[in-house]
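Spelled out, the chains give:
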Amino acid sequence: MRIDPSLRRKILSTISPHELLLCYQCGECTTVCPVAKESLSLFHPRKIIEMANLGIRKVVEDDMIWRCTTCYECVEYCPQGVNFVSIILALRNIAREEGKLPKDVRKEIDQIVKTGFILPVTGLVRRQREGLGLPLLEFTESDELKAILDSKKREDEGGKG
Ligand code: SF4
Ligand code: SF4
């Protein structure tokens, strides 16, 4: 595993440092996390904090950080008051800045921009809704969100040049 001191500095400058440094690796966050319960080999909050603390590059290069649902269960139970969600969001921002958005996340973003929904509304969904007497779903293209994403993309491209 590659340790990158500059990544560690970047993480610590993005998150309030106590969020990372107060963690004493008890593992309670992993124990209570509903995602870890289903797929511990793919998502392990305690290990993510350890990797972030050490500046291990895999923490922003792997898609594990995108598995958190931001349900805040771990935050409720952490004996040290560590806000794991703020750590995850900071890591996601760093991954995005570095152009490491997973393909599926990119697809979801495009989907939201184009339709206003995170998942495609298929014919089956439409028929099921109709059967239940629910109203038709209206697609809404989000011009505002599109403008934000376009300007971020331009910023990123400018930064690379
Ligand atoms: S519960 Fe809190 S102190 Fe324990 S490992 Fe998780 S973040 Fe660290
Ligand atoms: S916020 Fe994320 S890491 Fe914490 S319990 Fe929920 S899914 Fe797990």
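Relevant structure appears above.
Residues numbered from 1 in each chain as written. Chains lettered and ligands numbered in written order. Predicted model: local features only at pLDDT ≥ 70, side-chain atom pairs only at ≥ 80, totals over all residues. Heavy atoms only, no water.

Q: Pulling in residues and values, what's your account of the site of ligand 1?
A: Lining the immediate surroundings of ligand 1 are 13 residues, of which C23, C26, G27, C29 and C78 lie closest. Taken together, the residues of the shell around ligand 1 break down into 8 nonpolar, 3 polar and 2 charged. (Near = heavy atom within 4 Å. Nonpolar A, V, L, I, M, F, W, Y, C, P; charged D, E, K, R; others polar.)

Q: Residue-level account of the environment of N83, with values.
A: On the secondary structure map, N83 appears in the loop between α7 (73–77) and α8 (84–97). Each C-alpha atom, one on N83 and one on E19, is 6.2 Å from the other, the two residues being 64 residues apart in sequence. Apart from the residues lying within four places of it in its own chain, the contact partners of N83 are E19, Y72 and V75. (Helix = DSSP H or I, 4+ residues; strand = E, 2+ residues; numbered from the N terminus. Contact = heavy atoms within 4.5 Å.)

Q: Explain the packing of helix α1 (residues 5–14) against α8 to me, using residue names and the numbers behind them.
A: Across the interface, α1 lies against α8 with an axial gap of 10 Å and an inter-helix angle of 130°. It follows that α1 is oblique to α8 by the angle criterion. You can see that α1 and α8 cross each other, and the crossing is right-handed. Within the contact between the two elements, α1 uses L7, K10, I11 and T14 and α8 uses A90, L91, I94 and E97. Here the residues of the contact of α1 with α8 sort into 5 nonpolar, 1 polar and 2 charged. (Axes fitted to C-alpha atoms, helices over the stretch in contact; angles between N-to-C directions. Parallel < 35°, antiparallel > 145°, perpendicular 65-115°, else oblique. Left-handed = near helix turned anticlockwise from the far one by under 90°.)

Q: Before we move on, could you go through the environment of N93 and cite the residues and values that matter?
A: Here N93 lies in helix α8. Under the relative-accessibility criterion, N93 is labelled partly exposed at 43%. (Buried < 20%, exposed > 50% of the residue type's maximum accessible area, 1.4 Å probe, protein only.)

Q: Tell me about the pattern of salt bridges, residues and numbers included.
A: Applying the stated criterion to the full structure yields 9 salt bridges. With its nearest N and O atoms 3.3 Å apart, the salt bridge here joins K10 to E97. Highlighted residues: K10 in helix α1 and E97 in helix α8, separated in sequence by 87 residues. A relative accessible area of 30% places K10 in the partly exposed class. Its relative accessible area of 42% is what places E97 among the partly exposed residues. For E98, the salt bridge goes to K100, with nearest N and O atoms at 3.3 Å. If you follow the salt bridges from partner to partner, you end up with D4, R57, E61, E98 and K100 in one network. (Salt bridge = Lys/Arg side-chain N within 4 Å of Asp/Glu carboxyl O.)

Q: Describe in detail the environment of E73, supporting the description with residues and values.
A: In this structure, E73 sits in helix α7. Taking the relative accessible area as the measure of exposure, E73 reaches 32% and is therefore partly exposed. Placed 37 residues apart in sequence, E73 and D110 show a C-alpha to C-alpha distance of 29 Å. Excluding anything up to four places from it in sequence, E73 contacts V32 and P34.

Q: I'd love a proper account of the nonpolar core, names of residues and values included.
A: Core analysis: the biggest nonpolar cluster contains 31 residues, and I11, L20, F43, I48, V59, I65 and L91 have the highest contact counts within it. Those elements that provide at least two residues to this core are α1, α3 (28–32), α4 (34–38), α5 (45–54), α6 (58–61) and α8. If one sorts the elements of this core by residue count, α8 sits on top with 7 residues. (Core = buried A, V, L, I, M, F, W, Y, C linked by side-chain atoms within 4.5 Å.)

Q: Any details on α8? Residues and values, ideally.
A: The terminal C-alpha atoms of α8, which comprises 14 residues, lie 20 Å apart, in line with the 20 Å expected from a rise of 1.5 Å per residue. Of all the residues in α8, the buried ones are F84, V85, I87, I88, A90, L91, R92, I94 and A95. The secondary structure elements touched by the buried residues of α8 are α1, α2 (18–21), α5, α6 and α7. Here α8 starts with a cap whose side-chain oxygen sits 3.1 Å from the backbone nitrogen of V85, and that cap is N83. Looking one or two residues beyond α8, the residue adopting positive phi is G99, at roughly 70°. (Expected span 1.5 Å × (residues − 1). Polar contact = N/O pair within 3.5 Å; in protein donor to acceptor, adjacent residues only side chain to side chain.)

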